[in-house]
Amino acid sequence: MKAFRVSDYIKEIFIICIGLVLLFVPDILSKIFSFIGIAVIAVSIITAVFGTKGPDRIMKCVGGILIGFLITLIPSFIEVGIPVAIGFIMLISGLGRIFTALAQKKSSGGFTAGLVFGIILSVIGAVFIFSPLTLTALIKRLLAGALIAYGIISIIVKYLSGGRRNSGNGNVIDINSYTIRND
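Since we're looking at a predicted model, the values are computed, not measured.

Focus: the overall build of the protein
Looking only at helices and strands, the protein features 5 helices and 0 strands. Out of the 183 residues belonging to the protein, those deemed buried represent 23%. Taking the contacts inside the protein whose residues are at least 6 apart along the sequence as the reference set, 78% of them involve residues at least 24 apart. In the structure as shown, the protein presents an accessible area of about 13,400 Å², 74% of it carried by carbon and sulfur atoms.

Concerning the environment of I67
By secondary structure assignment, the location of I67 is in helix α3 (residues 57-107). For I67, a relative accessible area of 49% corresponds to the partly exposed category. Between the C-alpha atom of I67 and that of I38, which follows or precedes it by 29 residues, the distance is 10.0 Å.

Observations regarding the layout of surface pockets
One number sums up the size of the largest pocket: a volume of about 290 Å³. If you go around the largest pocket, you meet 13 residues; those closest to its centre are L29, I78, E79, T136 and K140. If you list the elements that add at least two residues to the lining of the largest pocket, you get α2 (28-50), α3 and α5 (132-160). For the lining of the largest pocket, the element with the highest residue contribution is α3, accounting for 5 residues. A class-by-class count of the residues in the lining of the largest pocket yields 9 nonpolar, 2 polar and 2 charged.

Conventions and cut-offs
Residues numbered from 1 in each chain as written. Predicted model: local features only at pLDDT ≥ 70, side-chain atom pairs only at ≥ 80, totals over all residues. Heavy atoms only, no water. Helix = DSSP H or I, 4+ residues; strand = E, 2+ residues; numbered from the N terminus. Buried < 20%, exposed > 50% of the residue type's maximum accessible area, 1.4 Å probe, protein only. Contact = heavy atoms within 4.5 Å. Areas by Shrake-Rupley, 256 points an atom, 1.4 Å probe, with all protein chains shown as cover. 1 Å grid on protein atoms, 1.4 Å probe; cavity = no way out; pocket = protein on both sides within 12 Å on 5 of 7 lines; lining within 4 Å. Points joined across faces, edges and corners; volume = space filled by probe spheres on them. Nonpolar A, V, L, I, M, F, W, Y, C, P; charged D, E, K, R; others polar.

None of the figures reported here should be taken as evidence of function without further support.
Okay, structure coming up:
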């Protein structure tokens, strides 16, 4: 039976742990970005108050506060901006399919499948536009599940294949112990 050493599976265990954290605390990334942004703002203010005196001290403070504020906004943009962009793309594509289907109705008559698909795509796009946070929550859960599944499958594959492979290969010459004859 093969020995199971935890040290051989650290990466996989870490990926599973990240997946579990994302599954049970999906807002952890928002909290991390908020903490980093607040830290940047605090360091900027402390540096302006207690740092070296100079004419650009206030500008550095204001710049640091703006950068910190933007860092805290990154999760909000990701949670709202990406689903809305996907929704607009789907809505425009669905409307295009509807117009194409209606044009086919006038010319060839076979338009039902294109029309139905266009309507479905347009409705899904509108849902993404008007409720982006629902999609974001679903994506976070799917990402967490994918990370957990990847970690478990990697552990199984590594265990069944014997863990770490020996670096020695019979077809490779070890140049440290191979002597060359000088003829």
